[in-house]
Amino acid sequence: MSAKNLGRAGAGAGGAGGAGGAGGAGGAGAVPGSAGALLPTSSAGAAARLGLKLLWRQRGLLIATVALLLLGTATMLLIPPLLGAIVDAVISGEPFASVLWLGAALAGAGIVAAALEGIGGVLLVRCLQRALAELREEVFEAALALPLRRIEAAGDADVISRVTNDVEAVTEAISGVIPLCARAVFTIVLTLVGMAALDPWLALAALVAVPIQVLSTRVFLRRSRPLYARLRREEAERGREFVEAVAGAETVRAYGTAEEHLDRIAVASDRAVQTHRETAKARNIFIGGLNAAEFVGLAAVLAVGFVRATSVGLSVGAVTAGALYFHRLFNPIGDLLGSMDDLQRALAGLQRLTGVVQAGTEGLGAAGAAGAAGAAGAEAGTATSQRTPADETDLAGAGAEFTAAELAIARTQREITGGSIDILGASYRYGPTAPRAALRGIDLVIDEGATVALIGTSGSGKSTLARLIVGFDEPLAGEVLIGGVPAHLARSGGRPAALLVAQETHLFVGSIADNARIAAPEASDEALTAALEAVGFDLSAIAGGLHGSLPAAVSHREAQQLALARVLLADPAVVVLDEAGSQAGADPALADAMRRVSEGRTAIIIAHHLDQVRGVDAVVVLENGSIVESGAPADLLERPDGAFARLWRMSQGVAG
Ligand SMILES: Nc1ncnc2c1ncn2[C@@H]1O[C@H](COP(=O)(O)OP(=O)(O)OP(=O)(O)O)[C@@H](O)[C@H]1O
């Protein structure tokens, strides 16, 4: 295969030292979401809407649950009047049998109410847990669908803290607080109805507590809402400092910057602790307000009961029942208002989770599908959902089954018409603060099936170009097309059209088969074995063979071979081997595997050893983000002053 049009602007008809279309928009503008921008947080309304949407999917179960809880609460309300009736029966000297019957009714009501509330509570938790599972899925899918640059800019810790801490806050609320609040609301409403039925004046007296409760709650909410939002942000920042220090442990040790990192972690921790203190203070004031309200309310009920008993002859039993009703309100009101704390935390968490869902959807809806195709494209290991619908019509029909993020991905992705690569005036810059553009006006056309080596000194832009080709990022100016489709949207047979095999291969805990199969979930054991054998992976060396566990200390060669086998299984039109062969010169088995993987598809090899350019159709030399030379290796070697010939001589230890 040739790469005859290669380096169209850079080399023209093989011209050495061309500027590679350096006139491109090297100074392209800001990268959205760059420079440490945390992922967005949604409004409370959007979070509530998402919560309701998820709950609505369980509506059948939810309605049955609410009915059971209401029935249970209503039955429980029979207890105070029955107790009042016992008091009246004893005072009026009724026969013991009557009191006994009332006692039996009391016990029966208690048992039935407890059973109904118990079953209702279990069903409610089940319903909420299902909604939570769906929320987790939505957030996870949205996080995967986020443009890779967006995640990099926010930092892994931000995403991790959302899918761990925030999900945990919402889980706690869902398992404990929301069922408690649901029961509390039912009890409060029905108890007030019960009191009003007993004597409307008693119910009115109970309402004296309400203004104090409302005031305490409002003050608390006003103070705590921003405090909780701040707390979650500060905890995420603390996590980020920590993760960064741990992830960069080697660098930290090498440069002796441990103290500096510890200081930064300490500052972030202090900030979070201070906010914790402020929230505790706000909570204590709030609880004091609730206690005062209870005291005032009960005093009012007893006083009004006394007046009513003496003025209109309300029975002592009725007043007792009224006081018991009011007393019964203490716990649910306390539960409800006391749960505001957890609900606030859960809402703050839900807003951050909804923010991820929105960012995933919006990023894709606009131009940000890079992450979808790109993240999915990384070394075939992270292929997106196999539920990719064939076209828009399918999507509309199956809408309910797809998350918003999936719909956005699927709507924008397109099948390629071939494996050619057209890079037209592509420029890229890592954020507005980057000192210079990583790529400037790259023009490069690679024919389908060609094998091309990218070479250049460190920082010349090879990896950046690779990221654009596999669709991790979009160029800030110009275009990168695979088979006529923008690289970040390009699909081939429903899978990413281009895959990258990087130096680091991500391996999952599990068997060799599990690790290979993520590239092609439907692949048979035979297909997996064939792919692994084709890249020289020695299954006989693994205890248990294909289904044996990945060795704890997997060698670099084995990891690379697994990554290459994944490419064979996923069968993309384009493969980019970034540093995959950095040891290939010294390891003929890896060099063979690379050749095998490059066969029958367009292959870009980021060559770190010039040995790797042997047998390639063309070489592209990058310098400072521009193509300075390109052409067939033999042709380039004939130009003694050319960049490639110079690099070649250096690699052979020849001066000049
Ligand atoms: N994540 C990043 N954030 C900011 N700048 C970056 C980032 N990655 C690369 N760069 C910069 O972009 C330019 C091109 O880097 P790139 O990694 O593409 O070069 P390379 O030729 O692949 O280098 P190497 O051979 O060392 O991997 C360099 O100036 C580099 O510092």
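All values derive from a computational prediction rather than experimental measurement.

Undergrad: Is there a simple way to think about the overall build of the protein in this case?
TA: When helices and strands are tallied, the protein shows 22 helices and 13 strands. When the 656 residues of the protein are sorted by exposure, 50% land in the buried category. When contacts within the protein are restricted to residue pairs at least 6 apart in sequence, long-range pairs at least 24 apart make up 79% of them. With the model as given, the accessible surface of the protein reaches about 28800 Å², and the carbon-plus-sulfur share is 62%.

Undergrad: Can you walk me through the layout of surface pockets in this structure?
TA: Empty space left among the atoms is revealed by rolling a probe the size of a water molecule over them. Taken as a whole, the second largest pocket holds about 700 Å³ of empty space. Leu-55, Leu-128, Ile-174, Ile-178 and Leu-343 are the residues nearest the centre of the second largest pocket, which is lined by 30 residues in total. If you list the elements that add at least two residues to the lining of the second largest pocket, you get helix H1 (44-56), helix H2 (59-76), helix H4 (96-145), helix H6 (156-198) and helix H12 (340-365). Counting residues per element, the lining of the second largest pocket draws most heavily on H6, which supplies 8 residues. Considering only residue class, the lining of the second largest pocket consists of 27 nonpolar, 2 polar and 1 charged.

Undergrad: Sorry, what's going on with the pairing of strand S5 (residues 477-482) here?
TA: The two faces of the sheet receive side chains in turn, since in a regular strand these alternate between them. The pairing of strand S2 (residues 421-428) with S5 spans 5 bridges and is antiparallel. Bridge pairing in S5 places Asp-422 opposite Leu-481. Sheet topology places S5 next to strand S6 (residues 485-486); 2 bridges connect them, and they run antiparallel. Across the sheet, Ile-482 pairs through a bridge with Val-485, a residue of S6.

Undergrad: Whenever I open this one, helix H16 (residues 462-469) confuses me. Can you help?
TA: Think of an α-helix as turning once every 3.6 residues; residues three or four places apart then point the same way. Judged by how many residues are buried, H16 sits mostly within the fold: 7 of 8 residues are covered. By the burial criterion, the buried members of H16 are Lys-462, Thr-464, Leu-465, Ala-466, Arg-467, Leu-468 and Ile-469. Where H16 terminates, the next one or two residues include Gly-471, which has phi positive at roughly 80 degrees.

Undergrad: It is not clear to me how the packing of aromatic side chains should be interpreted in this structure. Could you clarify?
TA: What describes a pair of aromatic rings is the distance from one ring centre to the other and the angle between the planes of the rings. Within the structure shown, the criterion is met by 3 aromatic pairs. Plain terms: the ring middles of Tyr-428 and Tyr-430 are 5.0 Å apart, the flat faces sit at 80 degrees to each other, and that makes the pair edge-to-face. Note on Tyr-428: relative accessible area 2%, which makes it buried. Seen in terms of ring centroids, Phe-644 and Trp-648 are 6.2 Å apart; in terms of plane orientation they differ by 40 degrees. Their pairing is tilted.

Undergrad: What am I meant to see in the nonpolar core here?
TA: Looking at soluble globular proteins, one finds that nonpolar side chains tend to be buried together. In this structure, Leu-564, Val-613, Val-619 and Phe-644 are the most contacted members of the largest nonpolar core, which totals 48 residues. Among the elements that make up this core, the one with the highest residue count is helix H19 (residues 556-570) (9 residues). The next biggest cluster of nonpolar side chains, apart from the first, holds 36 residues, and it includes Ile-416, Val-470, Val-480 and Ile-604.

Undergrad: In this structure, what is going on with the sheet that holds strand S1 (residues 414-415)? I would like to understand it.
TA: Two strands in a sheet stick together by hydrogen bonds in their backbones, pointing the same way (parallel) or opposite ways (antiparallel). Strand order across the open sheet formed by 3 strands is S1-S7-S8, with mixed pairing between neighbours. Among the strands making up the open sheet, the edge pair consists of S1 and strand S8 (495-496).

Undergrad: Explanation requested: the sheet that holds strand S4 (residues 451-456) in the structure shown.
TA: With mixed pairing, 6 strands are arranged side by side in an open sheet as S9-S10-S11-S4-S12-S13. Every interior strand has two partners, whereas the edge strands, strand S9 (498-501) and strand S13 (626-631), have only one. Adjacent strand axes in the sheet meet at a mean angle of 20 degrees when their direction is disregarded. Packing against the sheet, H19 makes contact with S9 and strand S10 (574-578), and its axis sits at approximately 170 degrees to S9.

Undergrad: Looking at this model, I keep getting lost on the UniProt feature "transmembrane region" (unreviewed entry) in the protein. Mind explaining?
TA: The UniProt record marks residues 60-79, 99-125, 177-195, 201-221 and 285-306 with the feature "transmembrane region" (unreviewed entry), using the residue numbering of this structure. Split by type, residues 177-195 is 100% helix and 0% strand. Its first and last C-alpha atoms lie 26 Å apart.

Undergrad: Help me out: how do you make sense of helix H22 (residues 643-651) in this one?
TA: All of the buried residues in H22 are Ala-643, Phe-644, Ala-645 and Trp-648. The elements touched by buried residues of H22 are S4, strand S12 (618-623), S13 and helix H21 (633-637).

Undergrad: What's the story with unusual backbone geometry in this structure? I'm lost.
TA: Glycine aside, negative phi is the norm for most residues, and most peptide bonds take the trans geometry. Positive phi is not limited to glycine here, since Asp-571 has a value of about 50 degrees. Relative to the helices and strands, Asp-571 is located in the loop between H19 and S10. Backbone geometry places Asn-624, a non-glycine residue, at a positive phi of 45 degrees. Relative to the elements of secondary structure, Asn-624 occurs in the loop between S12 and S13.

Undergrad: How should I be thinking about the pattern of salt bridges in this particular structure?
TA: Two side chains of opposite charge can pair, provided their charged atoms sit close to one another. This model, assessed by the stated rule, comprises 19 salt bridges. For Asp-571, the salt bridge identified is with Arg-601, shortest N-O distance 2.9 Å. Remark: Arg-601 occurs in the loop between helix H20 (588-598) and strand S11 (602-606) and Asp-571 occurs in the loop between H19 and S10; sequence separation between them is 30 residues. Residue classification places Asp-571 among the partly exposed positions, given a relative accessible area of 47%. Measuring nitrogen to oxygen at the nearest pair gives 3.7 Å for the salt bridge that ties Glu-599 to Arg-596. Residue classification places Arg-596 among the partly exposed residues on the basis of a relative accessible area of 35%. Overlapping salt bridges, with partners in common, bring together Lys-53, Arg-57, Glu-134 and Glu-138 in one network.

Undergrad: Would you explain the environment of Ala-157 in this entry?
TA: Position of Ala-157 among the secondary structure elements: in helix H6. Its relative accessible area of 7% is what places Ala-157 among the buried residues. Spatially, the C-alpha atom of Ala-157 lies 6.9 Å from that of Ala-236, the residues being 79 residues apart in sequence. Beyond its immediate sequence surroundings of up to four residues, Ala-157 is in contact with Gly-239, Arg-240 and Val-243.

Undergrad: Sorry, what's going on with the site of the ligand here?
TA: In the vicinity of the ligand, the contacting residues are Tyr-430, Arg-436, Ala-438, Thr-457, Ser-458, Gly-459, Ser-460, Gly-461, Lys-462, Ser-463, Thr-464 and His-608. Take Ser-458: an N or O atom from its side chain is 2.6 Å from an oxygen atom of the ligand. Taking Gly-461, its main chain carries an N or O atom lying 3.0 Å from an oxygen atom of the ligand. Contact with the protein chains covers 60% of the free accessible surface of the ligand, which is 620 Å². In terms of residue class, the shell around the ligand is made up of 2 nonpolar, 8 polar and 2 charged.

Undergrad: Any chance you could explain the side chain of Thr-171 here in plain terms?
TA: Following the sequence through the fold, Thr-171 ends up in helix H6. Engagement of the side chain of Thr-171 in a polar contact is seen with the backbone oxygen of Val-167, the distance being 2.5 Å. Discounting residues that sit within four places of it in the chain, Thr-171 has contacts with Leu-132 and Arg-136.

Undergrad: Would you mind showing me how to read the packing of H19 against H20 here?
TA: Geometry of a packed helix pair, given as the angle between the helix axes and the separation of the axes. Taken N-terminus to C-terminus, the directions of H19 and H20 make an angle of 10 degrees; their axes are 10 Å apart at the nearest point. Judged on the interaxial angle alone, H20 and H19 are roughly parallel. Contacts between H19 and H20 involve His-556, Arg-557, Gln-560, Gln-561, Leu-564, Val-567 and Leu-568 on the former and, on the latter, Ala-589, Leu-590, Ala-593, Met-594, Arg-596 and Val-597. A class-by-class count of the residues in the contact of H19 with H20 yields 8 nonpolar, 3 polar and 2 charged.

Calculation rules
Residues numbered from 1 in each chain as written. Predicted model: local features only at pLDDT ≥ 70, side-chain atom pairs only at ≥ 80, totals over all residues. Heavy atoms only, no water. Helix = DSSP H or I, 4+ residues; strand = E, 2+ residues; numbered from the N terminus. Buried < 20%, exposed > 50% of the residue type's maximum accessible area, 1.4 Å probe, protein only. Contact = heavy atoms within 4.5 Å. Areas by Shrake-Rupley, 256 points an atom, 1.4 Å probe, with all protein chains shown as cover. 1 Å grid on protein atoms, 1.4 Å probe; cavity = no way out; pocket = protein on both sides within 12 Å on 5 of 7 lines; lining within 4 Å. Points joined across faces, edges and corners; volume = space filled by probe spheres on them. Nonpolar A, V, L, I, M, F, W, Y, C, P; charged D, E, K, R; others polar. Pairing = 2+ DSSP bridges. Phe/Tyr/Trp six-rings, centres within 6.5 Å; stacked < 30°, edge-to-face > 60°. Core = buried A, V, L, I, M, F, W, Y, C linked by side-chain atoms within 4.5 Å. Axes fitted to C-alpha atoms, helices over the stretch in contact; angles between N-to-C directions. UniProt positions renumbered as here; feature names shortened; annotations may be inferred. Salt bridge = Lys/Arg side-chain N within 4 Å of Asp/Glu carboxyl O. Near = heavy atom within 4 Å. Polar contact = N/O pair within 3.5 Å; in protein donor to acceptor, adjacent residues only side chain to side chain. Parallel < 35°, antiparallel > 145°, perpendicular 65-115°, else oblique.

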